[in-house]
Amino acid sequence: MKQEVLKVSQSSVAQALATDYFCIYYVNTITDKFIEYSASPEYRELGLPTSGDDIIGFSRTNFEQFIYPDDRKRFMQTFTKDNIMSSLDAHGTFTMTFRFMFREVPTYVHLKVTRMVEKEARHVVIGISSVDEQMQVREAYEKAHHASLTYNHVAQALAGDYFSIYVVDPDADHFIEYSSSGDYDQLGIEKSGDDFFGLSRFNMARVIYPEDKDRFLGTFTKDKIMSILERDGSFTMKYRLMVGGEPTYVSMKATLMHDEAGRHLIFGTNNIDAQMKREEAYRREMAAARTTARNDFLANMSHDIRTPMNAIVGYTNIAKQHPEDPEAVRSALDKIGSASHFLLSLINDILDISKIESGRMQLNEAACDLGDVFRRIEDITALQASDKSLNVSYDRSSVRHYRVLADELRIEQILVNIISNAIKYTPEGKSVELIAEETPAPDPAKNRYRFIIRDTGIGISEDYLPHIFESFTREENTKLNRVQGTGLGLAITARIVELMDGTIRVKSKPGEGSEFTVEIDLQPYEESPSEETVSAHSTADLTGCRILLVEDNDINAEIAAMALAQYGAETERADNGLAGLEKIKNSAPGHYDAVLMDIQMPVMNGYECTREIRALGDPSTVSGTASEESAERPAAAARYYLTLPIIAMSANAYDEDIRDCLQAGMNAHVAKPFDPDHLAQTLEQYIHKGTSSEAAGQ
Ligand code: ADP
């Protein structure tokens, strides 16, 4: 009886359970035959046989097409006889979950193979049940859980850095505070509500630093912020809030986010006070450093300019007081001359360094003869060394190519600076040598020129050596020894070498001497250098030449007239450009041999005056003139106005000033203060060129 009840109950339990299954198969593992025990309507619709042999082969063959494609591979790999048997042996069951297509809907199913508990252990049951609902719930849970886990962690981690974070729904106009710091809470601002923008404007007007209020309110309107966010996605604004009575820098960042729930604005405000204060302190430090540098510069300048000025003023007074003593006058004039010379070189150095520092120094490369450069350097330095009875030697025996493309004035400046220092810082009786060598350069089109300047002078200390190329630095001992200098020469030298893509090195031992090595790669130039090079060795002769001085400054005009008189020239003067032009117009063509033209003058400047003079020779101007006299003006007159040498003589001595002079139609430029020899030679060169070209034209 008990047995019966059990049997009945077992089958009803089996039936009751079977309703949860899509299908149940009963398999004899000895005969390998199987029979369907139960099947649901949707399973029946698949039209599979209800019995057969080899259940595993049957399942693999028939199920594959009904398995959801993503799960097929896994099914075929897992649902094998070996896997099933070894799992049954180990656990008594084999299970797997995959998606089955029922009526074209992927449905999660659970396949379970169970060994029947019986004596022979000959049977297994295979059942497939739906776990779709659980899986969907689980999937949704995992997704939600994972998402919220990630968002929460990230948001929490970031929120710690923020002063406050708000989430705003711009469409419903609702907002809620996501997080806030203690400092922010003290401001007493609503943590949620409607009309975020209106309330923020109201609250900010109360807690913002007054200086930032108008700017904030001017920007923080819903229309403006939304249009920026729609365009850029985010918006940042810095301002100061009054926190604990102190203005505190904050940076507010608004971001527009889109998700399934619609669009949201996130407003995060960051406390950036410490960072802003650090930046402010840095800016103040930099400004202070600039002021110190400027003050040092002015102090240096003031000292360095006053020293030679003091000599000039002082010796001028001495000379005036002793007109009866030619010896005293001559000695005073010598000292005035050398102080003036120093002052001029100082001013040139200041111009150079300011040009270098503003990036305006350019090289003027042209064909040049290094032989001329060496000769000039030898002349200058021999003169400097002669006062000290130094043994100065020059060796340029290994130089093969003298004609090169280079900025010869700058090369001369480099070498003169270094050799002058060697002479300055080397005591009497010791030696200075300049060696120039030529070797191949890495660029086959160029040659490498190495200049070694060696002295047996006072040397340079190890501490100072790394600073030797910095502006306004000088070694203490040189200051104490009262050797004149500004500490600019080597700074300029090094920067010019750098402009030439060259290198400069220095080795030195205090008490033993110093060695400077400069290397520059230069391209050889085969043809003879331009005729325009002024030879430094001829003495100019301007006998019989008439020169028009267009100069507004009386002293400068007098100095120029007296200087030119020494070379035999006669001068006439006009005190501005217009007066100069009138003089030329009112005199016969050919009356003047050349014009010395100042640039900055009242009424008409030098550029304009030059252009007007050249225009007199322009054929269109000549033929367009109504006057009979000018209509008959011979071609020679036109040529006169076009070729009359006009030499700028100006204190505007930057490269661009020189270029402007040439562009206006002048022939050359001589800087003020001028060297009389150089001025006379330049005039002579252009006057003779003009004569020869006129001769050639006839
Ligand atoms: P300065 O006008 O003072 O000569 P420089 O820039 O030319 O300025 O040189 C900077 C400093 O380097 C000099 O003041 C001097 O202390 C040191 N110096 C330069 N050349 C030599 C040298 N040949 N021997 C010793 N000291 C030198």
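Residues numbered from 1 in each chain as written. Predicted model: local features only at pLDDT ≥ 70, side-chain atom pairs only at ≥ 80, totals over all residues. Heavy atoms only, no water.

**Let's talk about the overall build of the protein chain**
Turning to step 1, where the next piece is worked out: When helices and strands are tallied, the protein chain shows 24 helices and 24 strands.
Turning to step 2, where the next piece is worked out: Sorting the 698 residues of the protein chain into buried and exposed places 39% on the buried side.
Turning to step 3, where the next piece is worked out: In the protein chain, 58% of the contacts between residues at least 6 apart in sequence involve partners at least 24 apart.
Turning to step 4, where the next piece is worked out: Total accessible area on the protein chain is roughly 38,700 Å²; 53% of this is exposed by carbon and sulfur atoms. (Helix = DSSP H or I, 4+ residues; strand = E, 2+ residues; numbered from the N terminus. Buried < 20%, exposed > 50% of the residue type's maximum accessible area, 1.4 Å probe, protein only. Contact = heavy atoms within 4.5 Å. Areas by Shrake-Rupley, 256 points an atom, 1.4 Å probe, with all protein chains shown as cover.)

**A word on the nonpolar core**
Turning to step 1, where the next piece is worked out: Residues Ile414, Leu415 and Phe451 are the most contacted members of the largest nonpolar core, which totals 51 residues.
Turning to step 2, where the next piece is worked out: Broken down by element, this core gets its largest block of residues, eight residues, from helix 14 (residues 408–424).
Turning to step 3, where the next piece is worked out: Domain assignment of the residues forming this core places at least three in each of domain 3 (292–353) and domain 4 (362–526).
Turning to step 4, where the next piece is worked out: Every residue in contact with isoleucine 414, bar those within four places of it in the chain, is listed here: Thr493, Ile496, Val497, Met500, Val518 and Ile520.
Turning to step 5, where the next piece is worked out: Within the second largest apolar cluster, 30 residues are counted, among which are Val207, Ile208, Phe216 and Leu256. (Core = buried A, V, L, I, M, F, W, Y, C linked by side-chain atoms within 4.5 Å. Domains from an automatic or database assignment.)

**Some thoughts on the sheet that holds strand 10 (residues 234–243)**
Turning to step 1, where the next piece is worked out: Here six strands make up an open sheet; going across it, the order is 9-8-7-12-11-10 and the pairing antiparallel. Only two strands of the sheet have a single neighbouring strand rather than two, namely strand 9 (192–194) and strand 10. The average angle at which neighbouring strand axes cross in this sheet is 20 degrees, direction not considered.
Turning to step 2, where the next piece is worked out: Strand direction decides the pairing type here: strand 11 (residues 246–259) and strand 12 (residues 262–271), joined by 10 bridges, are antiparallel. Residue pairing in the sheet places valine 250 in a bridge with asparagine 271 of strand 12.
Turning to step 3, where the next piece is worked out: Most of the contacts of helix 11 (residues 273–321) go to strand 11, to which it runs at about 125 degrees, and overall it touches strand 10, strand 11 and strand 12. (Pairing = 2+ DSSP bridges. Axes fitted to C-alpha atoms, helices over the stretch in contact; angles between N-to-C directions.)

**A short note on the site of the ligand**
Turning to step 1, where the next piece is worked out: The immediate surroundings of the ligand are formed by 22 residues, with Asn421, Tyr425, Arg474, Thr486 and Leu490 found nearest.
Turning to step 2, where the next piece is worked out: Separating an oxygen atom of the ligand from a side-chain N or O atom of tyrosine 425 is a distance of 2.8 Å.
Turning to step 3, where the next piece is worked out: One nitrogen or oxygen atom from the side chain of aspartate 455 is found 2.9 Å from a nitrogen atom belonging to the ligand.
Turning to step 4, where the next piece is worked out: In the complex, the protein chains occlude 98% of the 530 Å² of accessible area that the ligand would expose alone.
Turning to step 5, where the next piece is worked out: Broken down by secondary-structure element, the contributors of at least two residues to the shell around the ligand are helix 14, helix 16 (489–499) and strand 19 (513–524).
Turning to step 6, where the next piece is worked out: Within the shell around the ligand, the residues separate by chemical class into nine nonpolar, nine polar and four charged. (Near = heavy atom within 4 Å. Polar contact = N/O pair within 3.5 Å; in protein donor to acceptor, adjacent residues only side chain to side chain. Nonpolar A, V, L, I, M, F, W, Y, C, P; charged D, E, K, R; others polar.)

**Things to note about the confidence of the model for the protein chain**
Close inspection of predicted coordinates is inappropriate for parts of the model with low pLDDT.
Turning to step 1, where the next piece is worked out: For the protein chain, per-residue confidence averages 83 on the pLDDT scale, and residues scoring 70 or more make up 87% of the total.
Turning to step 2, where the next piece is worked out: Note that pLDDT drops below 50 for residues 529–537; the model gives that stretch 18 contacts with residues more than four away or on any other chain. (pLDDT = per-residue confidence, 0-100.)

**Let's talk about helix 12 (residues 326–357)**
Turning to step 1, where the next piece is worked out: Taking 1.5 Å of rise per residue, 32 residues should cover 46 Å, and helix 12 covers 46 Å from first to last C-alpha, within 8% of that figure.
Turning to step 2, where the next piece is worked out: Burial in helix 12 covers these residues: Ala332, Ile336, Ala339, Phe342, Leu343, Leu346, Asp349, Ile350, Asp352, Ile353, Lys355 and Ile356.
Turning to step 3, where the next piece is worked out: Against the buried residues of helix 12 lie helix 11, helix 14, helix 16 and helix 23 (655–664).
Turning to step 4, where the next piece is worked out: Residue glycine 359 follows helix 12 closely and has a positive phi angle near 70 degrees. (Expected span 1.5 Å × (residues − 1).)

**Things to note about a nonpolar patch on the surface**
Turning to step 1, where the next piece is worked out: On the surface, Tyr26, Ile35, Tyr37 and Met116 cluster together to form a nonpolar patch covering roughly 370 Å² of accessible area.
Turning to step 2, where the next piece is worked out: Among the secondary structure elements, tyrosine 26 is positioned in strand 1 (residues 21–28). (Patch = residues over 30% accessible without salt bridge, like charges linked within 9 Å, V, L, I, M, F, W, Y side chains within 5 Å. Salt bridge = Lys/Arg side-chain N within 4 Å of Asp/Glu carboxyl O.)

**Considerations on the packing of helix 13 (residues 370–386) against helix 14**
Turning to step 1, where the next piece is worked out: At a minimum axis distance of 10 Å, the contact between helix 13 and helix 14 shows a crossing angle of 25 degrees. Taken as axis vectors, helix 13 and helix 14 run roughly parallel relative to one another. As helix 13 runs across helix 14, the sense of the crossing is right-handed. Taking contact as the criterion, the partners of Leu370, Val373, Phe374, Arg376, Ile377, Ile380, Thr381, Gln384 and Ala385 in helix 13 are, on helix 14, Glu408, Ile411, Glu412, Leu415, Val416, Ile419, Ser420 and Ile423.
Turning to step 2, where the next piece is worked out: Partitioned by chemical class, the residues of the contact of helix 13 with helix 14 number 11 nonpolar, three polar and three charged. (Parallel < 35°, antiparallel > 145°, perpendicular 65-115°, else oblique. Left-handed = near helix turned anticlockwise from the far one by under 90°.)

**What to know about the pattern of salt bridges**
Turning to step 1, where the next piece is worked out: Within the structure shown, the criterion is met by 33 salt bridges.
Turning to step 2, where the next piece is worked out: Salt-bridge contacts for aspartate 372 lead to arginine 375; the nearest nitrogen and oxygen are separated by 2.6 Å. Note that aspartate 372 and arginine 375 are positioned in helix 13 at a spacing of three residues, about one turn of the helix.
Turning to step 3, where the next piece is worked out: You can call aspartate 372 partly exposed: its relative accessible area is 25%.
Turning to step 4, where the next piece is worked out: Residue class for arginine 375 comes out partly exposed when judged on its relative accessible area of 33%.
Turning to step 5, where the next piece is worked out: In this structure, the salt-bridge partner of arginine 454 is glutamate 433, at a minimum N-O distance of 3.1 Å. A residue pair is termed long-range when its members are at least 10 positions apart, and arginine 454 in strand 17 (residues 447–455) and glutamate 433 in strand 16 (residues 431–440) qualify at 21 residues.
Turning to step 6, where the next piece is worked out: Of the residues examined, arginine 454 reaches a relative accessible area of 30% and is grouped as partly exposed.

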